[in-house]
Amino acid sequence: MRPRWKKIFYDFRSNPSRSLLVILSIFVGLFAVGMIMTLWICIPSDLRLGYEQSNPANIYFRLSSFDNSLIRSVQKWENVKDAMGSSVATLRAYDGSGKLKKVTVQAVSDDAWPVNHIDVLQGSWPLKDNEAAVENYKLGDLDGAMGKTLTVKTASGKEVSLTIAASIRDQSLGAGDYSIVFIEPIQVYVNENMLRRLEMDTQWNMLRIVLKNGGFDENAIREYANDYADRLKKAGYQVQSIAIRRSDAHPTADYADAIAGILLVIGVLVVFLSGSLTYNTLTAILSNQMRQIGAMKTVGATYAQIVFMYMRLILIYSLIALIFAVPSSIGAAELCRGFLGKNINFANIRTGIIWEVILVQLVLGLVVPQIAGAIPVSKGARVSIQKAMGGMRNTGSSGNDRFTRSMSKIFSRPTALSMRNTFRSKSRLVLTLFTLSLGGSIFIASFNVNTAIDEHVAVIARYVQADLDLVTERPYRLEQIQTALQDISEIDYIEGWGFGSATYIDADGNDGPSISVFAPPDGSALISPNVKEGRWFEPGEQHVICLSERFNYTYPDLKVGDKLTMEVKGTGNKTEWTIIGFFTMAGKSGGFLAYMPRSSWERISGAGNRLTKFQIVTHTRPDEAQRAAITKNVEDILDERGIKTTSIQRNDTFVADAARGLNIMSIFMMIMAVLVALVGCIGLTGTMSLNVMERTAEIGILRAIGASNRNVMKNVLTEGVLIGFMSWVIGAVLSVPVGKVLTDSLGSAVFGSRLLLGFTPVGYGLWLVLSLVLSVIASHAPARTAVALTIREVLAVE
Amino acid sequence: MTEPIIVTDLCKYFETKAGKVSALDHISFSVQDGDFVGIVGKSGSGKSTLINMLAGIDKPSSGSVSVFGRKLEEMNENQLALLRGLDVGIVFQFFQLLPVLTVLENILLPMDFLGRIPEKERMERAYEVLRMIEIQDYANKLPSELSGGLQQKAAIARALANDPPIIIADEPTGNLDSAAAEKIFLLFEELSNKAKTIVMVTHDSELVRMAHRILTIRDGALISDERTDRSRGGEA
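Treat the numbers as computed from the prediction; the structure is a model and nothing was measured. (Residues numbered from 1 in each chain as written. Chains lettered and ligands numbered in written order. Predicted model: local features only at pLDDT ≥ 70, side-chain atom pairs only at ≥ 80, totals over all residues.)

Colleague: For this particular structure, what's the right way to read the overall build of chain A?
Modeller: What chain A contains, in helices and strands, is 23 helices and 20 strands. Within chain A, buried positions represent 49% of all 798 residues. Of the contacts made within chain A by residues no fewer than 6 positions apart, 84% connect residues no fewer than 24 positions apart. (Helix = DSSP H or I, 4+ residues; strand = E, 2+ residues; numbered from the N terminus. Buried ≥ 20, exposed ≤ 12 C-beta atoms within 10 Å, placed from the backbone. Contact = placed C-beta atoms within 7 Å.)

In structure tokens:
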């Protein structure tokens, strides 16, 4: 090996900690970019491809009973690729602790599920009699496990025991009612023979249709849906609801989009962070090499030769960083994909190596360090022999400007010296502050975004402020329920709400999606809506309606003041309403929701003052056990009185479910925040090493005039802490725009609107502590090096 | 005799906060082929500045330094690098060996940069220089494992690697004890005897008598130029 390459190799080997620092700087960037890019590519494609591969239905008709003859007819209709009938019912089942939970039970005749294929994750399929499969996403909510017994309570109250024989993934959860997986009930699948035992429709009530063409065009799907609905009606079937969905519109795609948006923002920032980090660390290395560069120049080395030597050294660092970054980023991305797949219900379709990611890592790994290194290397190679031999002692200013002079008046002389040192190399200080502040701003912003998310969860909770939500199978007068439950001393009061489904009738008179209508009484204290446009209804108002953000997203032409026509299910009457406001709730995936005054509902529901939804409020906020006991008590009493319930849901559980998707975002933001904090810490370590190295002589002089180890260490640590503090201040300011970009990205993806920017002192406080601790940690090794230098060593080189 | 180094009316000024300071003041001299020239003067007299000019490390404010007929102030960095590799070998007070390379590798390095000596012959040439300087036993030692005197010998060996006709040395014995310093001076004398042109800055008024010619600098000006009894050419 030629001596110059040997030198490079020895340089690499002789200072392992510095080599490790550069490799780590490059590694962190490549790792983060690799992981982020893998997720950015895979998550949307996993969702899209996985969903497409499941042969998803484009049209869902909830019909009165039908049999296979209708399916055979539908299959012959124009542009129908597949049709499938199933029987769907909402029942209740006991979880592992004996609590009753709402479940959706489905059965089909064909075990192969030609539409909305399911993936069997565990267990056996097809199901035998008395066996059930449970959708994996909410298997945990049942405390269920393979082989365990699942007891389902039928509509008449009979209990049917089934064995959990399989755990499956059904990516279409929520697709049939414009909902999302988080707020869907637990899904249970049985074979056709179980319908009678479970007292469900023995005929089908849900028709799913896959289109041959136009499955990716919402307008085309809507046209076919209207056409098919007309045919069904003409054939005498009662169409209870229609839902349409594109073949690539996974129900949780909004969340994936939000994650992809966050990933993109953080990915771009990380590339900048890593680049500046690499630049700083390479400057440190080059500065340490100045004498040697001078020596090489004196023996005839040219500028190009020196540049080429150090570029090759950088290449070695890059290659080592790549060797570790590529597999570890793949591993980390796999872990994240697994976590996200499980939590937002998609299958990890894309397998194997993603070459485009590796290509980007290769390009970034080989090019960015070379670009980052080009400036310090070129500067180093251009430096005069004189300067090089002098060890670049004159780099930076003296720090003797007005600011630092004024510092000297305020602080003790050693502290003032540390401050002057901090400002000596301003360009390096700027880069270090950039790295650390940007890292800090992302860290703080992550907490603020989490607060925005938490605040939004609190907004969801404001719609369901009662402790229990009781839905009965048929309408009852409020007094009947109040009388039935009057012996439960914990109950403070019960409010009756109108509740039901209606079909949206579009401007052309066609049936649109099914709307869930809620009708609280005038002056209800159990709801405090988050109106984003227009207003909420006033007591005594009639024929007014407030709509959820889903309407804005699907029908952007709908405005406050427009008329909306709908047909309440089972009434056959079309009624017209004035839209007075739009509200934000669980996001644009949260379904078509509408609120109207109860008195209006009572006029159109056909049930008069009899209602199906009752909000139960207890005297004090019950704890977990008390809430469960009250729920059980309510169920038992209603059972005794023959009042059949569809569900008794604890509202805290509902809020927790609705917030699940948002909480995943929170976890994700925290992972990114930690990653960024790590990059910042490495950056500061590099800067402090360089600062100490450049001040070797000064440290020698300090020691020669009586500075103790403690004094020297304090001097270095003070400088590090000062940089840490400055980065915190800048990071705190920068966190506002960074937080806004992240919050907007999340808000537009999940809610179709901007989220309010959150604020929490936690992020600021934690980053202050972290940045100071990191500063001390990062300065500690250079400070130890400084302390270890003897006066002879230090002054000899001068 | 030819004159490989010609210095003509050389001036060097440094700008300081206190104003313009003159480091070299209208210096002119020439060095003959095979001459051994010692430059003496007190600290701050300008002798190191002068030697930096001769090595092309620094550029004059005015005047000219010519090495083998080429004016250094008109050459770019790459041309100067080539000059330093082929025509001028430089020796420093603090040796400036690359600490991560062995003595042998330090000597191979200039050959590697210049590429004038064929790769197959470089090792042979390195050992030839090592034997000449009598440090062949330390070929595979790192600089940090050697005494100051041996490190300076290694630095001289490196300066000789590409067999340059001129050796310029800046206080080569300034960091050595008197015994080691004498050995280094003897080495330079031997090199001079082998027709190398040597220009050396030193503080050592005793050992400088081993040079053929002594230039004395004071306050940036050349105040005397005398030939010693070792001179082959007699008084200047």
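Colleague: Help me understand the overall build of chain B in this model?
Modeller: Assigned secondary structure in chain B consists of six helices and 10 strands. Here the C-alpha atoms of chain B give a radius of gyration of 17 Å, agreeing with the 18 Å that 2.2 N^0.38 yields for 236 residues. Taken along the three principal axes of its C-alpha coordinates, chain B extends 50 × 40 × 40 Å. Counting across all 236 residues of chain B, residues that qualify as buried make up 50%. (Rg over C-alpha atoms; globule rule 2.2 N^0.38 Å.)

Colleague: I tried to follow helix 2 (residues 16-53) of chain A on my own but got confused; where do I start?
Modeller: Residues lying three or four places apart along an α-helix face the same way, a consequence of the helix completing one turn every 3.6 residues. Largest kink in helix 2 of chain A: about 25 degrees, centred on D46 of chain A. Downstream of helix 2 of chain A by a residue or two, N55 of chain A has a phi angle that is positive, lying close to 50 degrees. (Bend = angle between axes of the 7 residues up to and from the residue.)

Colleague: Got a minute to help me understand the confidence of the model for chain B in this structure?
Modeller: The predicted coordinates of low-pLDDT regions are not to be read in fine detail. All names here are of chain B. Summing up the model confidence of chain B, the mean pLDDT is 87 and the portion of residues at 70 or higher is 97%. Mean pLDDT across the elements of chain B bottoms out in helix 2 (residues 77-86) (83) and peaks in strand 4 (residues 62-67) (94). Scoring the predicted complex yields pTM 0.73 and, for the interface, ipTM 0.74. (pLDDT = per-residue confidence, 0-100.)

Colleague: Help me understand the packing of helix 8 (residues 303-343) of chain A against helix 9 (residues 355-382) of chain A, please; the structure alone is not making it clear to me.
Modeller: Two quantities define a packed helix pair, namely the angle between the axes and the distance from one axis to the other. Residues and elements named next belong to chain A. Axis separation between helix 8 and helix 9 bottoms out at 8 Å; the angle between their running directions is 150 degrees. Put simply, helix 8 runs roughly antiparallel to helix 9. Seen from above, helix 8 lies across helix 9 with right-handed handedness. From helix 8, Y303, I306, V307, Y310, M311, I314, Y317, S318, A321, L322, A325 and V326 reach across to helix 9, where they touch I358, Q361, L362, G365, L366, P369, Q370, G373, V377, S378, A381 and R382. For the contact of helix 8 with helix 9, the residue count by class is 17 nonpolar, six polar and one charged. (Axes fitted to C-alpha atoms, helices over the stretch in contact; angles between N-to-C directions. Parallel < 35°, antiparallel > 145°, perpendicular 65-115°, else oblique. Left-handed = near helix turned anticlockwise from the far one by under 90°. Nonpolar A, V, L, I, M, F, W, Y, C, P; charged D, E, K, R; others polar.)

Colleague: I would appreciate a short explanation of the environment of I320 of chain A in the present structure.
Modeller: Residues and elements named next belong to chain A. If you trace the backbone, I320 turns up in helix 8. Taking the C-beta count within 10 Å as the criterion, I320 has 18 such neighbours and is therefore assigned partly exposed. Through-space distance from the C-alpha of I320 to that of I26 is 9.3 Å; in sequence the pair is 294 residues apart.

Colleague: Looking at this structure, I do not really get the packing of helix 2 of chain A against helix 6 (residues 253-288) of chain A. What am I missing?
Modeller: All names here are of chain A. Where helix 2 contacts helix 6, the two axes come as close as 9 Å, and the packing angle between them is 165 degrees. When the axes of helix 2 and helix 6 are compared, the pair comes out roughly antiparallel. Considering how the two elements wind past one another, helix 2 and helix 6 form a crossing that is left-handed. Split into classes, the residues belonging to the contact of helix 2 with helix 6 amount to 26 nonpolar, six polar and one charged.

Colleague: Can you help me understand unusual backbone geometry in this one?
Modeller: At the junction of W125 of chain A and P126 of chain A, the peptide bond is cis and its omega measures out at 5 degrees in the coordinates. Inspection of the secondary structure assignment puts P126 of chain A in the loop between strand 4 (119-123) and strand 5 (131-135). Unusually for a residue other than glycine, N55 of chain A sits at a positive phi of about 50 degrees. Structurally, the position occupied by N55 of chain A is in the loop between helix 2 and strand 1 (59-66). Residue N55 of chain A is classed as partly exposed on the basis of its 19 C-beta neighbours within 10 Å. Within the chain, H26 of chain B stands out as a residue other than glycine whose phi angle is a positive 50 degrees. By the element assignment, H26 of chain B lies in strand 2 (residues 19-31). We classify H26 of chain B as partly exposed; it has 14 C-beta atoms within 10 Å.

Colleague: Hey, could you run me through the sheet that holds strand 9 (residues 213-218) of chain B in this one?
Modeller: The strands that make up a sheet are held in pairs by hydrogen bonds between backbone atoms, and each pair lies either parallel or antiparallel. Residues and elements named next belong to chain B. With respect to topology, six strands assemble into an open sheet ordered 6-7-8-3-9-10, the strand pairing being mixed. Strands with a single pairing partner mark the edges of an open sheet, and in this sheet they are strand 6 (88-91) and strand 10 (221-227). In this sheet, neighbouring strand axes are inclined to one another by 15 degrees on average, regardless of whether the strands run parallel or antiparallel. Two strands pair when backbone bridges link them, and strand 6 and strand 7 (residues 166-170) are joined in this way by four bridges, in the parallel orientation. Residue pairing in the sheet places V88 in a bridge with I166 of strand 7. Sheet strands touched by helix 5 (residues 148-159): strand 6 and strand 7. Its angle to strand 6, the strand with the most contacts, is close to 165 degrees. The strands touched by helix 6 (residues 178-193) are strand 3 (36-40), strand 7 and strand 8 (197-201); relative to strand 8, the strand with the most contacts, the crossing angle is about 155 degrees. (Pairing = 2+ DSSP bridges.)

Colleague: For this particular structure, what's the right way to read the nonpolar core?
Modeller: The nonpolar side chains of a soluble globular protein tend to be buried, and buried together. Membership of the largest hydrophobic core comes to 237 residues, with the highest contact counts inside it found for I36, I259, I442 and V676 of chain A together with I39, I168 and V199 of chain B. No other element matches helix 2 of chain A, which puts 20 residues into this core. A domain-level breakdown of this core finds at least three residues from each of domain 2 (392-462 + 658-798) and domain 3 (468-620) of chain A. Apart from residues lying up to four places away in sequence, I39 of chain B is in contact with K47, L50, I51, V199, M200, V201, L215 and I217 of chain B. (Core = buried A, V, L, I, M, F, W, Y, C linked by C-beta atoms within 7 Å. Domains from an automatic or database assignment.)

Colleague: What is the right way to read helix 3 (residues 103-114) of chain B from this model?
Modeller: With respect to burial, helix 3 of chain B is a largely interior element, 12 of its 12 residues being buried. Within the sequence span of helix 3 of chain B, burial applies to V103, L104, E105, N106, I107, L108, L109, P110, M111, D112, F113 and L114 of chain B. Each element contacted by the buried residues of helix 3 of chain B is listed here: helix 1 (3-14) and helix 8 of chain A together with helix 2, helix 4 (119-133) and helix 5 of chain B. Downstream of helix 3 of chain B by a residue or two, G115 of chain B has a phi angle that is positive, lying close to 65 degrees.

Colleague: Would you mind showing me how to read the sheet that holds strand 2 of chain B here?
Modeller: Residues and elements named next belong to chain B. What the four strands build is an open sheet, ordered 2-1-4-5; its pairing is antiparallel. Looking at the sheet topology across the chains shown, the edges are occupied by strand 2 and strand 5 (70-71). In this structure, strand 1 (residues 5-16) lies alongside strand 4, joined through five bridges in antiparallel fashion. Looking at strand 4, one finds that T8 is bridged to S64.

Colleague: I keep staring at the pairing of strand 12 (residues 491-505) of chain A and nothing clicks. Help me out?
Modeller: For a regular strand, side chains alternate in direction, first toward one face of the sheet and then toward the other. Residue and element names in this part refer to chain A. Note: strand 12 against strand 19 (residues 610-618), six bridges, orientation antiparallel. Each residue of the ladder has a partner; that of W497, found in strand 19, is K613. Pairing of strand 12 with strand 13 (residues 511-519) involves seven bridges; the strand directions are antiparallel. In the strand pairing of strand 13, A502 is matched with I515. Judged from the four bridges that link them, strand 12 and strand 16 (residues 563-568) form a sheet pairing that is antiparallel. Bridge pairing in strand 16 links T503 to E567.

Colleague: Explain the confidence of the model for chain A here, please?
Modeller: Residue and element names in this part refer to chain A. Within chain A, residue pLDDT values average 82, and 90% of them lie at 70 or more. Per-element averaging of pLDDT across chain A places helix 23 (residues 791-796) at the bottom with 52 and strand 15 (residues 544-548) at the top with 94. Here residues 391-399 scores under 50 on pLDDT; set against residues more than four positions off or in separate chains, the count is 19 contacts.

Colleague: Hey, could you run me through the environment of I57 of chain B in this one?
Modeller: Relative to the helices and strands, I57 of chain B resides in the loop between helix 1 (47-54) and strand 4. Along the chain, I57 of chain B and R213 of chain B lie 156 residues apart, while their C-alpha atoms are 23 Å from each other. In this structure I57 of chain B touches I385 and Q386 of chain A together with N52 of chain B, once residues within four positions along its chain are discounted.

Colleague: Teacher, can you tell me more about the environment of H203 of chain B here?
Modeller: Residue and element names in this part refer to chain B. Inspection of the secondary structure assignment puts H203 in the loop between strand 8 and strand 9. Put simply, H203 and L187 are 16 residues apart on the chain and 17 Å apart in space, counted from C-alpha to C-alpha. Once you skip the residues sitting within four places of it in the chain, H203 turns out to touch E171 and G174.

Colleague: Is there a simple way to explain the pairing of strand 2 of chain B in this structure?
Modeller: Residue and element names in this part refer to chain B. With nine bridges connecting them, strand 1 and strand 2 associate as antiparallel partners. Within strand 2, the residue paired with I5 across the bridge is V31. Taken together, strand 1 and the strand that follows it, strand 2, pair antiparallel across an intervening segment of two residues.

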